[in-house]
Amino acid sequence: MAGILAGKNIAVPGGGNGIGRAVALAAADAGANVVVADYGVSMDGSDPTSAVADAVVAEIKGKGGDAVAVAGDVSEMATGEQIVQAAVSTWGSIDGVVCVAGILRERMLFNMSEDEWDAVIRVHLKGTFTVFRAAMAVMRKQETGGSLVSFTSGAFMGSTAQANYAAAKGGIVSLTKAAAMTGASLALRGGAPINANCIAPVAKTRMSENVPFGFETGEPEDIAPMVCYLLSD
């Protein structure tokens, strides 16, 4: 994958841990400049810190790459704008975004609180929207367009103890299809090419520690090459 993203500027919300971290490092190894955006929260959304994003940035820079960190709540419109603008103001464009940020609040549907529902929908689904919206607004004015990559899960088909997560992941599938249709519509009218793709990974991360897969799973690093391919020309 060396050089496949040379000269591209990529933002990775959720880039401080797990698959997001693996994607940020792989993109940098492939030649991209990387915005590592992570609030550094625990799986239930508490205890925010910028330390995880700073650590990944330091790792990228230690290997000779270029990266900047953004810490903020991705479900807020201002943070989505900040993530995209960090790439534009630092390197001149935003060529791709990879939305991996997420939290879990597991509960049976009949026991789930409003906060547990809202928080998961907010981070996963709205968090993808805030970044996609900000990125597409810039990409459509760029001659080179760009790439949008989101993450869903097999749970979008339904989950016994994660109705909120399942609903969010199903929404991300539909949102990504809408983004792809919008990109295609713009291209048909002579606009810049904007692609949108959604990945349903099978990999061991801190969010999947309690999931009894029953079959062989990969590591976060196994997902990253597909992401880099989708970000490439």
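Structure first, text after, so check above.
Residues numbered from 1 in each chain as written. Predicted model: local features only at pLDDT ≥ 70, side-chain atom pairs only at ≥ 80, totals over all residues. Heavy atoms only, no water.

(A) Inspection of a nonpolar patch on the surface at higher detail. Together, Ile4, Met226 and Tyr229 line one region of the surface with nonpolar side chains, adding up to about 300 Å² of accessible area. Tracing the sequence through the fold places Ile4 in the segment before β1 (9–13). Taking relative accessible area as the criterion, Ile4 reaches 30% and is therefore assigned partly exposed. (Patch = residues over 30% accessible without salt bridge, like charges linked within 9 Å, V, L, I, M, F, W, Y side chains within 5 Å. Areas by Shrake-Rupley, 256 points an atom, 1.4 Å probe, with all protein chains shown as cover. Salt bridge = Lys/Arg side-chain N within 4 Å of Asp/Glu carboxyl O. Helix = DSSP H or I, 4+ residues; strand = E, 2+ residues; numbered from the N terminus. Buried < 20%, exposed > 50% of the residue type's maximum accessible area, 1.4 Å probe, protein only.)

(B) Fine view of the environment of Ala27. Looking at the element boundaries, Ala27 is found in helix α1 (residues 18–29). For the pair Ala27 and Pro225, spaced 198 residues apart in sequence, the C-alpha separation works out to 8.6 Å. Non-local contacts of Ala27, meaning those with residues more than four positions away in its chain, are made with Leu5, Ala32, Val34 and Cys228. (Contact = heavy atoms within 4.5 Å.)

(C) A look at the nonpolar core. Ranked by size, the top nonpolar core spans 34 residues in total, and within it Val35, Ile83, Ile94, Val97 and Leu148 carry the most contacts. When residues of this core are assigned to their parent elements, the largest contribution, 11 residues, is made by helix α4 (residues 114–139). Ile10, Ala28, Ile223 and Ala224 belong to the second largest nonpolar core, which has 31 residues in total. (Core = buried A, V, L, I, M, F, W, Y, C linked by side-chain atoms within 4.5 Å.)

(D) Examining the packing of α4 against helix α5 (residues 163–188) more closely. Axis separation between α4 and α5 bottoms out at 8 Å; the angle between their running directions is 15°. When the axes of α4 and α5 are compared, the pair comes out roughly parallel. With respect to the hand of their crossing, α4 and α5 are arranged in right-handed fashion. When grouped by side-chain class, the residues that make up the contact of α4 with α5 number 14 nonpolar, seven polar and two charged. (Axes fitted to C-alpha atoms, helices over the stretch in contact; angles between N-to-C directions. Parallel < 35°, antiparallel > 145°, perpendicular 65-115°, else oblique. Left-handed = near helix turned anticlockwise from the far one by under 90°. Nonpolar A, V, L, I, M, F, W, Y, C, P; charged D, E, K, R; others polar.)

Read these as layout, nothing more, since geometry by itself doesn't imply function.
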